[in-house]
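Working through the structure, step by step
What follows is each chain in one-letter form.
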Amino acid sequence: MWAKERKWVFLSLGITLLIVLFGIWTMFHMPSEQWHAREFKGLFKNYGSQARILLFAVLAYYVFKIMLQRRWLEQWLILKRSAIVLSRLIRKLHTPLAVLAIGVIILHIVGAFLYGFKLDFANVSGLIAGIVLLPVPLSGVFRYRGLDRKWHLRLGLIFAVLFLIHAFL
């Protein structure tokens, strides 16, 4: 199964690399006076909003997985069948969307630091969420090899909680 997914992972890595390089090139080719303007703040906040949408799709895999494992949809056959189809689709997209989301998060972080980092709740909660996010992809690689010991899921859930705090509070 890994061989089939590998091409999608490498494709998403390539697309993400292009997006990140173009985004960073665009930011650093702006005059430094614009880094503190309202328009620039809107730019890096848009990256954060895009990452939020991608992360909801990435986390949806776990929601569908839990709903099916706990048999919450057994009473509604049409919902159960729909959840199974969506779960299979989201399972295939989980890793490529996560790679893309991490790239957009990198652009969001670079933009936030260029705009100006202040010790307020939004910046500190985002920084903590970013630090927790760092080992998640590495533990995901170990997950495929069977060496994970559930670190990918645990760190991913901790990141999800911190991400929701950062995004909505």
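Before reading further, recall that the structure is shown in the block above.
What counts and what doesn't
- Residues numbered from 1 in each chain as written.
- Predicted model: local features only at pLDDT ≥ 70, side-chain atom pairs only at ≥ 80, totals over all residues.
- Heavy atoms only, no water.
- Helix = DSSP H or I, 4+ residues; strand = E, 2+ residues; numbered from the N terminus.
- Buried < 20%, exposed > 50% of the residue type's maximum accessible area, 1.4 Å probe, protein only.
- Contact = heavy atoms within 4.5 Å.
- Areas by Shrake-Rupley, 256 points an atom, 1.4 Å probe, with all protein chains shown as cover.
- Lys, Arg positive; Asp, Glu negative; His and termini not counted.
- Charge placed at Lys NZ, Arg CZ, Asp CG, Glu CD.
- Axes fitted to C-alpha atoms, helices over the stretch in contact; angles between N-to-C directions.
- Parallel < 35°, antiparallel > 145°, perpendicular 65-115°, else oblique.
- Left-handed = near helix turned anticlockwise from the far one by under 90°.
- Nonpolar A, V, L, I, M, F, W, Y, C, P; charged D, E, K, R; others polar.
- Expected span 1.5 Å × (residues − 1).
- Arc of directions from axis to C-beta.

Of the regular secondary structure elements, the chain holds six helices and zero strands. Secondary structure elements in the chain, listed N-terminal to C-terminal, are α-α-α-α-α-α. Across its three principal axes, the chain shows a C-alpha extent of roughly 60 × 35 × 30 Å. When the 169 residues of the chain are sorted by exposure, 32% land in the buried category. The contacts of the chain with a sequence gap of at least 6 include a subset with a gap of at least 24, amounting to 72%. As displayed, the chain has an accessible area near 11,500 Å², and 71% of this comes from carbon and sulfur atoms. The average position of the 21 basic charges and that of the 6 acidic charges among the side chains of the chain differ by 13 Å.

With that settled, consider the packing of helix H4 (residues 121-133) against helix H6 (residues 151-168). In a packed pair of helices, the relevant descriptors are the angle between the two axes and the axis-to-axis distance. The geometry of H4 relative to H6 is characterised by a closest axis approach of 9 Å and an angle of 165° between their N-to-C directions. As judged from the angle between their axes, H4 and H6 are roughly antiparallel. Our pair here, H4 against H6, has a crossing hand that is left-handed. Where H4 abuts H6, its residues Phe-121, Ala-122, Ser-125, Gly-126, Ile-128, Ala-129, Val-132 and Leu-133 lie against Leu-155, Ile-158, Phe-159, Leu-162, Phe-163, Ile-165 and His-166. Looking at the contact of H4 with H6 residue by residue, the class counts come to 12 nonpolar, three polar and no charged.

Here H6 contains 18 residues, and its C-alpha end-to-end distance of 25 Å stays within 8% of the 26 Å for a straight helix at 1.5 Å per residue. Where H6 is concerned, the buried positions are His-152, Leu-155, Gly-156, Phe-159, Ala-160 and Phe-163. Here the buried residues of H6 occupy an arc of 150° about the axis, which is enough to place them on one side. Contact partners of the buried residues in H6: helix H2 (38-69), helix H3 (77-115), H4 and helix H5 (135-145).

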